[in-house]
Amino acid sequence: MSSRLPLAGVLRLGRPSDIWFKPALSVVAAVAPPNLALLALGRLDLAMYTMAGSLCALYAHNRPYAARARALAWVILGMLGGLAIALLTASLTRSAVVLVAVGAVLAAVQKALCDATRIGPPGNVVLTFISSAALFVPQSPERIPGHLGLAAAAGAWAWLVGMAPGLMRPHGPERRATAAALNAAAAHAEAHGSGEGTAGTHDTAVIAVRAARQALSPSTGTPLTATHRALERLVVRAEVALAAPSDADPAPLRDWARQVRGNRPVPEVPHLTGVDSELAPHPGPLWHRLRPLAPLALRTALGCALAGYASLALGIGRPYWALVTAASLYQADLALTWGRGVQRVVGNLLGVLFFAALVPLAHTGEVALVLCCLALNFGAEALIGRNYWLGSVCVTPMALLITEFAGFQQPGPLIAERVVDTLVGALVGLAAAVVVPHRKRVVRAERAGPRTLAATGSSRGRHPDQGTGNTTEGVRP
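How each quantity is defined
- Residues numbered from 1 in each chain as written.
- Predicted model: local features only at pLDDT ≥ 70, side-chain atom pairs only at ≥ 80, totals over all residues.
- Heavy atoms only, no water.
- Helix = DSSP H or I, 4+ residues; strand = E, 2+ residues; numbered from the N terminus.
- Buried < 20%, exposed > 50% of the residue type's maximum accessible area, 1.4 Å probe, protein only.
- Contact = heavy atoms within 4.5 Å.
- Areas by Shrake-Rupley, 256 points an atom, 1.4 Å probe, with all protein chains shown as cover.
- Core = buried A, V, L, I, M, F, W, Y, C linked by side-chain atoms within 4.5 Å.
- Expected span 1.5 Å × (residues − 1).
- Patch = residues over 30% accessible without salt bridge, like charges linked within 9 Å, V, L, I, M, F, W, Y side chains within 5 Å.
- Salt bridge = Lys/Arg side-chain N within 4 Å of Asp/Glu carboxyl O.
- Axes fitted to C-alpha atoms, helices over the stretch in contact; angles between N-to-C directions.
- Parallel < 35°, antiparallel > 145°, perpendicular 65-115°, else oblique.
- Left-handed = near helix turned anticlockwise from the far one by under 90°.
- Phe/Tyr/Trp six-rings, centres within 6.5 Å; stacked < 30°, edge-to-face > 60°.
- Lys NZ or Arg CZ within 6 Å of the ring centre and 35° of its normal.

## Some points on the overall build of the protein chain
Logical step 1: Regarding its fold elements, the protein chain presents 17 helices and 0 strands.
Logical step 2: Residues counted as buried form 54% of the 477 residues belonging to the protein chain.
Logical step 3: Of the contacts formed within the protein chain by residues at least 6 apart in sequence, a portion of 80% connects residues at least 24 apart.
Logical step 4: For the protein chain, the exposed surface amounts to about 19,700 Å²; the carbon and sulfur share of it is 66%.

## Observations concerning the nonpolar core
Logical step 1: Formed by 85 residues in total, the largest nonpolar core has its most connected members in Tyr-59, Met-79, Leu-83, Cys-304 and Leu-401.
Logical step 2: Element by element, the count of residues in this core is highest for helix H3 (residues 65-92), at 9 residues.
Logical step 3: Dropping the residues within four chain positions of it, Cys-304 is found in contact with Val-100, Ala-104, Ala-107, Leu-323, Ala-326 and Ala-327.
Logical step 4: Counting 27 residues, the second-largest nonpolar core is a separate cluster that includes Ala-177, Ala-185, Leu-234 and Val-266.

## Notes on helix H8 (residues 199-216)
Logical step 1: Look at H8: 26 Å from first C-alpha to last across 18 residues, which is about the 26 Å you get at 1.5 Å a residue.
Logical step 2: Counting buried residues along H8, 13 of its 18 residues qualify, which places the element largely inside the surrounding structure.

## Concerning a nonpolar patch on the surface
Logical step 1: The grouping of Val-105, Val-109, Leu-113 and Leu-286 at the surface amounts to a nonpolar patch, some 300 Å² of accessible area in total.
Logical step 2: Here Val-109 shows up in helix H4 (residues 96-117).

## So, the packing of helix H7 (residues 172-194) against H8
Logical step 1: Look at H7 against H8: their axes get within 8 Å of each other, and the N-to-C directions meet at 155 degrees. On the basis of their axis angle, the class for H7 and H8 is roughly antiparallel. You can see that H7 and H8 cross each other, and the crossing is left-handed. For the pair formed by H7 and H8, the contact residues are Glu-174, Ala-177, Thr-178, Ala-180, Ala-181, Ala-184, Ala-185, Ala-187, His-188 and Ala-191 on the first element and Thr-201, His-202, Thr-204, Ala-205, Ala-208, Val-209, Ala-211, Ala-212, Ala-215 and Leu-216 on the second.

## Notes on the environment of Arg-237
Logical step 1: Looking at the secondary structure, you find Arg-237 in helix H9 (residues 226-243).
Logical step 2: Excluding anything up to four places from it in sequence, Arg-237 contacts Leu-253, Trp-256, Val-269, Pro-270 and Leu-272.

## Considering the packing of aromatic side chains
Logical step 1: This model, assessed by the stated rule, comprises 4 aromatic pairs.
Logical step 2: Summarising the aromatic geometry, the rings of Trp-20 and Phe-378 are spaced 6.4 Å apart at their centres and angled 75 degrees between planes, so their arrangement reads as edge-to-face. Separated by 358 residues along the polypeptide, Trp-20 in the segment before helix H1 (21-41) and Phe-378 in helix H15 (residues 366-383) bring together distant segments of the chain.
Logical step 3: The exposure class assigned to Trp-20 is partly exposed, which follows from its relative accessible area of 35%.
Logical step 4: Here Phe-378 falls in the partly exposed class, since its relative accessible area comes to 28%.
Logical step 5: Here the aromatic residues Trp-20, Phe-21 and Phe-378 are joined through ring pairs into a cluster of three or more.
Logical step 6: One cation-aromatic arrangement involves Arg-340 over Tyr-388; the distance from NZ or CZ to the ring centre is 4.1 Å.

## Quick word on the side chain of Arg-176
Logical step 1: Mapped onto the elements of the fold, Arg-176 is located in helix H7.
Logical step 2: Judged by relative accessible area, which is 10%, Arg-176 ranks as buried.
Logical step 3: Ignoring sequence-local partners within four residues, the contact set of Arg-176 consists of Ile-19, Lys-22, His-61, Arg-68, Arg-169 and Arg-261.

## What about H9?
Logical step 1: Along its 18 residues, H9 runs 26 Å from first to last C-alpha, staying within 8% of the 26 Å computed at 1.5 Å per residue.
Logical step 2: Among all positions of H9, only His-228, Ala-230, Leu-231, Leu-234, Val-235, Val-236, Arg-237, Ala-238, Glu-239, Ala-241 and Leu-242 are buried.
Logical step 3: Close packing links the buried residues of H9 with H7, H8 and helix H10 (250-260).

## Considering unusual backbone geometry
Logical step 1: For the bond running from Pro-121 to Pro-122, omega is 5 degrees, close enough to zero to count as cis.
Logical step 2: Tracing the backbone shows Pro-122 in the loop between H4 and helix H5 (125-135).
Logical step 3: Even without being glycine, Ala-60 reaches a positive phi, approximately 65 degrees.
Logical step 4: With respect to the helices, strands and loops of the structure, Ala-60 is situated in the loop between helix H2 (47-54) and H3.
Logical step 5: A residue is classified by how much of its surface remains accessible, and Ala-60, at 5% relative accessible area, is buried.

## Some remarks on the pattern of salt bridges
Logical step 1: Using the criterion set out here, one finds 7 salt bridges in the structure.
Logical step 2: Across the pair Arg-213 and Glu-239 runs a salt bridge, and its minimum N-O distance is 3.2 Å. In this pair, Arg-213 sits in helix H8 while Glu-239 sits in helix H9, placing the two residues 26 residues apart along the sequence.
Logical step 3: Overall, Arg-213 belongs to the buried group, its relative accessible area being 8%.
Logical step 4: A relative accessible area of 1% places Glu-239 in the buried class.
Logical step 5: A salt bridge links Asp-255 to Arg-258, with the shortest nitrogen-to-oxygen separation between them at 3.4 Å. Here Asp-255 and its partner Arg-258 are both found in helix H10, 3 residues apart, which amounts to about one turn of the helix.

Laid out in structure tokens, this is it:
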């Protein structure tokens, strides 16, 4: 069991993303105006609904802007759909048993759709947190349109925030992906030349090249320009270096990577005739991608329902915390799910200690409360790319402070309930992962790289959005 469910490396910190500050600044820019407006109006009790829309700014930061526009729109619509179901259910019944059941079903649907569409970080957990929290807030039918309107308005603002960088750097995501592919190919060539182990550098380069191919794929909807064609030729050079590292010179690869950054002209390199460069595969119909995810959806529904009911049996007033904890665990296989469970528990327990230290400041007034939440939003996004548990240290107190927008509460019961729900959700969620078998799946980059004139095989491996223990994940309440 110790070899299948290891502890070593689960809490190890990785390197921050090259654009770690962009999601962090984006979420602050998306959250601040709605919250400050509600603060000025004396209606912070409505912040839960604006936060639902604002948190959509966490998504799609690595996508080209044409693809990002569509992805963010679908995320906002999905958020509104889940929120509408939750609000309607809450207005029709106060039965906690029914509310947990609806929350579990919503969590399963959100998990399956996010995985099938490969929306990427932060995945389903933000959507599940929004819908699950809304289920347990007293609601009446006549207030639902107004609450959905607030979420939609904040979501529209989040869409604008997500798209705004495109005005200054219209090809920023494609340039970053190309630079990452060139640097990864150079690192692999250097490791091969020095005789060091190349397994890790090969896998990293395969993933980086595939990410660049996907960023430049016509399926993203981005118009083909001279810049795109120049970037494609550079990606071909990275593919060639990956296929024949002994013949590759790392120096020009790294030089091209530096020049690709920013808005400088893309280096022009000759087209390599005869190179069969593999394009990113076009995803099949959504239904075909959903069918293999049925066991995952069942595992999510079962784990979330059981976690919520266990929390109810213990007399916890907020069973959705246990439900969301269970929903956050499920990864591609049991070992990764176990690792995420360890990270979640460690991060949440440290997070409640941080909350205990922060709450005296937050309780000095509503302005301090809002500013603390903004700082925690930034910290969560800045740190979560290093490791999920580190970001959770900021996410946990932020989620606890959000519950106080409607009025300050005693911190002792909040802390106790959060600790119990975290442990219950993690234990029950892991039990459900064991009971419902994982679909057989290889979660690694294949040893065969992209096709070039010197390589054979395909580059079907881990999708760039799929992760290991240290993937960049967005805010996780």
